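Chain by chain, the residues run as shown.
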Amino acid sequence: MRIDIVTIFPAFFDVLEVSLLGRARATGLLDVRVHDLRDWTHDRHRTVDDTPYGGGAGMVMKPEPWGEALDAVAAGDARPTMVFPSPAGEVFTQATARQLSTREHLVFGCGRYEGIDERVFDYAAELGEVRLLSLGDYVLNGGEVAAMAMVEAVARLIPGVVGNPDSLVEESHEDGLLEYPSYTKPSLWRDRAVPPILLSGNHGAVDAWRRGQQEERTRARRPDLLGPDD
Ligand code: 6SD
């Protein structure tokens, strides 16, 4: 998969060099290209923002550098999927991550200030698929942190990026429930014992206990994930 990231803060993405995604890049599974939006400006001050039409607080990202950036990163590609993190977008979920993980080419456009001139999204829709996606119902200072989270959630679903594929299915949200609790040695730590069932060697009983824990936790913490009958 190829991922282009357009931002005025390329340094935010330096950490993509480490851990599993760093290895996926090194082995060629992932081709991540980070671009400075200011490289598509033409004035001495490399201006990317201007005052909003209609008035109001803050500044808006100018359309011209974005248009050139999208033209450049989409060049030669039939139809990339362009993701713009936005608190006004649809909520990004594990289902969204799964959809995006099937794409050949993703472009992340990271806004700053009060956001990007709306016409950029209309224009982008002529180049490919456009998704305005929100990480959650809270406000960040820009799209970078949201894009980073989405890149990680998507890239780990690409075959080979996560070494053991079993660890992909035994996860919160993969089966619509929260993950069961995990324990490791020692079996007694600071007066706290590991649930004895996990030491029993009875795999059927362990599976049933874990499923019960998933349901109990989901009911307590995330009832919104459950249907009326659960
Ligand atoms: C100005 C942005 C882009 C500002 C954001 C996304 C979410 N879930 N919260 N905040 C955000 C994205 C904020 O550019």
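The shown structure was predicted, so the numbers you read here are calculated from the model rather than taken from an experiment. (Residues numbered from 1 in each chain as written. Predicted model: local features only at pLDDT ≥ 70, side-chain atom pairs only at ≥ 80, totals over all residues. Heavy atoms only, no water.)

A.B. asks: I would appreciate a short explanation of the overall build of the protein chain in the present structure.
C.D. replies: In terms of regular secondary structure, the protein chain is built from seven helices and nine strands. Dimensions of the protein chain, computed from the C-alpha atoms along their principal axes, are close to 70 × 40 × 35 Å. Residues counted as buried form 39% of the 230 residues belonging to the protein chain. Taking as baseline every contact in the protein chain between residues at least 6 positions apart, the subset at least 24 positions apart corresponds to 75%. Computed over 24 positive and 37 negative side-chain charges, the separation of the two mean positions in the protein chain equals 6 Å. (Helix = DSSP H or I, 4+ residues; strand = E, 2+ residues; numbered from the N terminus. Buried < 20%, exposed > 50% of the residue type's maximum accessible area, 1.4 Å probe, protein only. Contact = heavy atoms within 4.5 Å. Lys, Arg positive; Asp, Glu negative; His and termini not counted. Charge placed at Lys NZ, Arg CZ, Asp CG, Glu CD.)

A.B. asks: Is there a simple way to explain the site of the ligand in this structure?
C.D. replies: Of all residues adjacent to the ligand, which total 15 residues, the nearest are Gly111, Ser134, Leu135, Tyr138 and Leu140. Separating a nitrogen atom of the ligand from a backbone N or O atom of Gly136 is a distance of 3.2 Å. Contact distances for the ligand include 2.7 Å between a nitrogen atom and a backbone N or O atom of Tyr138. In terms of residue count, strand β5 (residues 81-91) provides more of the shell around the ligand than any other element does, three residues in total. Each residue belonging to the shell around the ligand can be placed in one class, and the counts come to seven nonpolar, seven polar and one charged. (Near = heavy atom within 4 Å. Polar contact = N/O pair within 3.5 Å; in protein donor to acceptor, adjacent residues only side chain to side chain. Nonpolar A, V, L, I, M, F, W, Y, C, P; charged D, E, K, R; others polar.)

A.B. asks: Teacher, can you tell me more about the packing of helix α2 (residues 63-74) against helix α4 (residues 119-127) here?
C.D. replies: A pair of packed helices can be characterised by two numbers: the angle between their axes and the separation between those axes. Orientation of α2 relative to α4, taken along the N-to-C sense of each, is 15°, at an axis distance of 10 Å. Considering the angle they form, α2 stands roughly parallel to α4. Helix-helix and strand crossings are classified by hand; for α2 and α4 the assignment is right-handed. Between α2 and α4, the residues in contact are Pro63, Trp66, Gly67, Leu70, Asp71 and Ala74 and Arg119, Val120, Tyr123, Ala124 and Leu127, respectively. When the residues that make up the contact of α2 with α4 are grouped by side-chain class, the tally is eight nonpolar, one polar and two charged. (Axes fitted to C-alpha atoms, helices over the stretch in contact; angles between N-to-C directions. Parallel < 35°, antiparallel > 145°, perpendicular 65-115°, else oblique. Left-handed = near helix turned anticlockwise from the far one by under 90°.)

A.B. asks: What is the right way to read unusual backbone geometry from this model?
C.D. replies: Across the chain, the bulk of peptide bonds are trans and the bulk of non-glycine residues have phi less than zero. Residue Lys185 is joined to Pro186 through a cis peptide bond whose omega torsion reads 5°. As for its position among the elements, Pro186 is in the loop between α6 (166-169) and β8 (188-189). A positive phi angle is found at Tyr113, which is not glycine, with a value near 60°. If you trace the backbone, Tyr113 turns up in the loop between β6 (105-109) and α4.

A.B. asks: I tried to follow the side chain of Asp117 on my own but got confused; where do I start?
C.D. replies: By secondary structure assignment, the location of Asp117 is in the loop between β6 and α4. Its relative accessible area of 15% is what places Asp117 among the buried residues. Ignoring anything within four residues of it in the chain, the contact list for Asp117 reads Val60, Met61 and Pro63.

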